[in-house]
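Geometric and topological summary
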Amino acid sequence: GENVEQHPSTLSVQEGDSAVIKCTYSDSASNYFPWYKQELGKGPQLIIDIRSNVGEKKDQRIAVTLNKTAKHFSLHITETQPEDSAVYFCAATYNFNKFYFGSGTKLNVKP
Amino acid sequence: NAGVTQTPKFRILKIGQSMTLQCTQDMNHNYMYWYRQDPGMGLKLIYYSVGAGITDKGEVPNGYNVSRSTTEDFPLRLELAAPSQTSVYFCASSRGQGGDTQYFGPGTRLTVL
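Residues numbered from 1 in each chain as written. Chains lettered and ligands numbered in written order. Predicted model: local features only at pLDDT ≥ 70, side-chain atom pairs only at ≥ 80, totals over all residues. Heavy atoms only, no water.

So, the interface of chain A and chain B
Taken together, the contacts link 20 residues of chain A with 25 residues of chain B. Between chain A and chain B, a total of about 1,600 Å² is buried, with carbon and sulfur atoms accounting for 56% of that surface. If you sort the residues of chain A by the area they bury against chain B, F96(A), N97(A) and F101(A) come out on top, with a joint share of 32%. Between chain A and chain B we count zero salt bridges in total. (Contact = heavy atoms within 4.5 Å. Buried area = accessible area lost by both parts, 1.4 Å probe. Salt bridge = Lys/Arg side-chain N within 4 Å of Asp/Glu carboxyl O.)

Now the structure itself:
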């Protein structure tokens, strides 16, 4: 099956700086890549996603890039704010039956 | 819409006991999923369902059973609970293939002692 690796496991940035989280996947058939934000005590919530026919997608301060050849995708958060502090997960799927998740990145934004 | 709801929020079981985790969605989604999240780890898929009456195994199905008699409900059954099943369990739903992503419930924190 698919294997998704996520780095770094923890990331600490100063408020206003940018944060980048990277994921690699193993199955070239994967074609949908969502990113989730999980706040303490809550379920994951989708923040942005990208399909394999697109190289980049942006939504305000959040962007995702996809390199299909290298089989990796990244989450970029600009102008970070304290409320961005949370655990972020990447995931991959090729048929929407099974989603494979990365191990998570704990982002800490220092005011 | 309430989205995806899960009950109970917390539960402590003794080794060998059984229980059912309840999950209900009101978005008329075809696909439903059960995940477990161990401390500091990502989510692992236990079972999923692509519609009423259809279920299939995920990555870590051992020790669990599911049923899907209606579109709305997808209960997860633990038989003979073991300490290794101590985890946070999340239910999710989605429209399915070609559709949008998953919407998660708030989770059930289960401890087996």
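After that view of the structure, there is still more to cover.
Brief notes about the nonpolar core
Core analysis: the biggest nonpolar cluster contains 24 residues, and W35(A), F73(A), L75(A) and L107(A) have the highest contact counts within it. Beyond its immediate chain neighbours, meaning those up to four positions away, L75(A) contacts A19(A), V20(A), I21(A), W35(A), I47(A), I48(A), I62(A), A63(A) and Y88(A). (Core = buried A, V, L, I, M, F, W, Y, C linked by side-chain atoms within 4.5 Å. Buried < 20%, exposed > 50% of the residue type's maximum accessible area, 1.4 Å probe, protein only.)

Observations concerning the pattern of salt bridges
Applying the stated criterion to the full structure yields six salt bridges over all chains. Its salt-bridge partner being E39(A), residue K42(A) comes within 3.7 Å of it at the nearest N-O pair. By relative accessible area, K42(A) is classed as partly exposed at 48%. Given a relative accessible area of 34%, E39(A) falls into the partly exposed group. With a shortest N-O distance of 3.1 Å, R77(B) and E79(B) are connected by a salt bridge. Residue classification places R77(B) among the partly exposed residues on the basis of a relative accessible area of 31%. E79(B) sits in the partly exposed class, given a relative accessible area of 36%. A single salt-bridge network, built from bridges that share partners, covers K37(A), E39(A) and K42(A).

Some points on the sheet that holds strand β7 (residues 64-66) of chain B
Residue and element names in this part refer to chain B. Ordered in space as β1-β3-β8-β7, the four strands form an open sheet in which the pairing is antiparallel. What marks the edges here is a single partner per strand, and that holds for β1 (4-7) and β7. Averaged over all adjacent pairs, the angle separating strand axes in this sheet is 20°, with direction ignored. Bridge count for β7 against strand β8 (residues 76-78) is three bridges, and the pairing is antiparallel. Its bridge partner being in β8, Y64 is matched across the sheet by L78. (Pairing = 2+ DSSP bridges. Helix = DSSP H or I, 4+ residues; strand = E, 2+ residues; numbered from the N terminus. Axes fitted to C-alpha atoms, helices over the stretch in contact; angles between N-to-C directions.)

Focus on the state of the cysteines
Note: disulfide means a covalent bond formed between the sulfur atoms of two cysteine side chains. Residue and element names in this part refer to chain A. Counted according to the given criterion, the structure contains two disulfides over all chains. Each sulfur of the disulfide joining C23 and C90 lies 1.9 Å from the other. Across the disulfide from C23 to C90, rotation about the S-S bond amounts to roughly -100°, and the bridge is consequently left-handed. Of the two residues, C23 sits in strand β3 (residues 19-25) while C90 sits in strand β9 (residues 86-92), which places them 67 residues apart along the sequence. Neither C23 nor C90 differs from the other in exposure class; each is buried. (Disulfide = S-S within 2.5 Å.)

Considerations on the layout of surface pockets
If you roll a probe as big as a water molecule over the atoms, it shows you where there is empty space left. In this structure, the largest pocket encloses a volume near 800 Å³. Lining the largest pocket are 34 residues; nearest its centre among them are Q38(A), L40(A), G41(A), Q37(B) and R109(B). Elements supplying a minimum of two residues to the lining of the largest pocket: β9 and β11 (105-110) of chain A together with β9 (87-94) and β11 (108-112) of chain B. A class-by-class count of the residues in the lining of the largest pocket yields twelve nonpolar, 16 polar and six charged. Counted as a void, the second largest pocket has a volume near 220 Å³. (1 Å grid on protein atoms, 1.4 Å probe; cavity = no way out; pocket = protein on both sides within 12 Å on 5 of 7 lines; lining within 4 Å. Points joined across faces, edges and corners; volume = space filled by probe spheres on them. Nonpolar A, V, L, I, M, F, W, Y, C, P; charged D, E, K, R; others polar.)

Remarks on the side chain of T105(A)
Residues and elements named next belong to chain A. By secondary structure assignment, the location of T105 is in strand β11. With a relative accessible area of 0%, T105 lands in the buried category. Those residues in contact with T105 that sit more than four places away from it in its chain are Q6, H7, P8, S9, L11, I21, A86, V87 and Y88.

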